[in-house]
Amino acid sequence: MVQLPENFINRMAILLEHDYPAFLKSYSTVSKKGIRLNPLKCTIDVLRKNIPFTLTSSPFSPLSYYVNEEGIKIGLLPMHHAGAFYSQEPSAASAVTVLDPKPGDRVLDLCAAPGGKSTQIAGLLMGKGLLWSNEMVKKRSKILLSNMERCGVRNAVVSCCYPDVLCHRLAGFFDKVLVDAPCSGEGMFRRDKQAIQDWSVEHVRTCAARQSAILDLACEAVAQNGILVYSTCTFSKEENEDVVTAFLERHPEFIPEDCGVSFGRSGIGMPWARRIYPMDGGDGHFVAKFRRVKENEQTCLMYQITAKQDISMAKKLYDSIIKESWQHNIVKIKEQFLLLPPKLPQLDGLGVLRAGVLLGESKTNRVEPAHGLFMATTANQLHQVISFDNDNPCLFQFLRGEEIAVPNHIKGYAGVAVDGIVTGFGKCSAGKLKNHYPKGLRNF
């Protein structure tokens, strides 16, 4: 049984009334674990075949599943390395389901680290449109970038920027904006002891003030008729319905819109919003949806390549590795060659860590290919790929960074895959593959 703060218990008893006993009972059970399929890299049939546990569908997203086994180190599995799935508490998928991104949309995930919701959005965009994933804490933004790269996202910008700067510069640019706001984390109590230790009534009030400030900034980025979704992983009315009510009072240009889902239950006095409690199948979330009904002129300039660049070596490398043309611009920024998604806004001054996909880095008289280039491709797009079954010892050697044996006829750069899902690359010569799997990602 999780030891809950007394003030929290009293507040929840008042909030839930007759549902409180069921809520309290849920804390005698463990938090439900889940994963989410990444459709950019895998199908559910291939995933089920290559993981050592069974899956049960979750109500919070068509891509989300409950994991029914305990004690498995999911992060060490080859299919995790390959980006075939993302580990995610099931109800955390609810906000993106309500946001409902469609291929071709421009989407901003304003508080994006560690990347669960951004990679979910990317999977639904299916490479079309643009995703801008922002995290203003530098250390967390690097984790976000790593997860986006692992999941093979091509059409995204990852930034570390303060919301006031970002939303002002990109005013009116986005069709859909997600604010998964930093909160007091009451929905994490079953799986995070630190969240319990950090909780206090004063912390709840501080979070509510910060959430209101972020929403006031986020709304500037929403285009006319665009959607703004606000979500938290907490239960307090102060951080949820009270923040929403005050936002709508301050911003008559937005109107509430029904979330259009059946999971969870209605918000308090807000039938169009959704609350999720542990007894609803997830640890806890709140989601509210708004539509901008007044004009918001797009003010940002679009990205243009201003100087002529010699990209011949990068283009030659790309063509030697990948069969099909990529309808993105190749640009050189400092020593890096990037494959930029189309229809980008100007990037200067917005703390951009990565735009598009890193093709490679310039070395003396050559370009060294990047891990991200291979992660953003499928096996059938590569000229050369070595695919292993998920239990092949050579695959585990590769994930430990070791040299592995390959057929003698394979020369040069080749992708390495698990059942056809690319997980990295190496350079082949004389029947050996020199390992290029990044050191920070390796199993030990």
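Structure shown above.
Residues numbered from 1 in each chain as written. Predicted model: local features only at pLDDT ≥ 70, side-chain atom pairs only at ≥ 80, totals over all residues. Heavy atoms only, no water.

1. A closer look at the overall build of the protein chain
Threshold: Starting at the N terminus, helices and strands are each numbered in turn, a helix being any DSSP run of H or I of at least four residues and a strand any DSSP run of E of at least two. Throughout, radius of gyration means the C-alpha value; the globule benchmark is 2.2 Å times the number of residues raised to the power 0.38. Think of it in three bands: residues with accessible area under 20% of the maximum for their type are buried, residues over 50% are exposed, and the middle band is partly exposed, with areas taken using a 1.4 Å probe on protein chains only. We call two residues in contact when some of their heavy atoms are within 4.5 Å. In short, Shrake-Rupley with a 1.4 Å probe defines the accessible areas, and a residue's cover is counted only from the protein chains shown. His is not counted, nor are the chain ends; Lys and Arg add positive charge and Asp and Glu add negative charge. Charge coordinates come from a single atom per side chain, which is NZ of Lys, CZ of Arg, CG of Asp or CD of Glu.
Helix and strand content of the protein chain: 14 helices and 23 strands. Expected size for 444 residues packed as a compact globule is a radius of gyration near 22 Å; at 23 Å, the protein chain falls within 12% of this value. In terms of its C-alpha atoms, the protein chain occupies a principal-axis envelope of roughly 70 × 50 × 35 Å. In the protein chain, which comprises 444 residues, the proportion classed as buried is 55%. A sequence separation of at least 24 residues applies to 71% of the contacts in the protein chain between residues at least 6 apart. When the accessible surface of the protein chain is summed, it comes to about 19,200 Å², and 52% of that surface belongs to carbon and sulfur atoms. Charge-centre separation for the protein chain: the mean point of 52 positive side chains lies 7 Å from the mean point of 45 negative side chains.

2. Quick word on the pairing of strand 1 (residues 34-37)
Note the following rule: For two strands to pair, DSSP has to find at least two bridges joining them.
In strand 1, alternate side chains face the same way, and those of Gly-34 and Arg-36 on one face and Ile-35 and Leu-37 on the other are all buried. Where strand 1 and strand 3 (residues 64-67) come together, three bridges link them in antiparallel fashion. Within strand 3, the residue paired with Ile-35 across the bridge is Tyr-65. In this structure, strand 1 lies alongside strand 4 (residues 85-87), joined through three bridges in antiparallel fashion.

3. Considering the environment of Met-148
On the secondary structure map, Met-148 appears in helix 7 (residues 138-150). Using a relative accessible area of 3% as the deciding quantity, one classes Met-148 as buried. A sequence separation of 228 residues divides Met-148 from Ala-376, and the C-alpha atoms of the two residues are 9.8 Å apart. Apart from the residues lying within four places of it in its own chain, the contact partners of Met-148 are Ser-118, Thr-119, Leu-131, Ser-133, Val-153, Ala-156 and Val-158.

4. As for the sheet that holds strand 2 (residues 55-57)
Our working rule: A fitted line through C-alpha atoms serves as each axis, taken over the contacting stretch for helices, and the angle formed by two N-to-C directions is quoted from 0 to 180°.
Strand order in this open sheet of four strands is 2-3-1-4, and the pairing throughout is antiparallel. Every other strand in the sheet has two partners, leaving strand 2 and strand 4 as the edge strands with one partner each. The average undirected angle you get between the axes of adjacent strands in this sheet is 35 degrees.

5. Some details on the sheet that holds strand 15 (residues 336-340)
The strand order 14-15-17-18 describes an open sheet built from four strands, whose pairing is antiparallel. Because the sheet does not close on itself, it has two edges, and the strands there are strand 14 (329-333) and strand 18 (366-369). Across this sheet, the average inter-strand angle for adjacent strands is 30 degrees, counted without regard to direction. In terms of strand pairing, strand 15 meets strand 17 (residues 357-363) through four bridges, oriented antiparallel.

6. Re the pattern of salt bridges
Threshold: A side-chain nitrogen of Lys or Arg and a carboxyl oxygen of Asp or Glu constitute a salt bridge if their distance falls within 4 Å.
By the definition in use, this model includes 19 salt bridges. We note a salt bridge from Glu-368 to Arg-366, for which the minimum N-O separation is 2.3 Å. The exposure class assigned to Glu-368 is buried, which follows from its relative accessible area of 16%. Counted as one network, the salt bridges with shared partners bring together Asp-19, Arg-265 and Asp-280.

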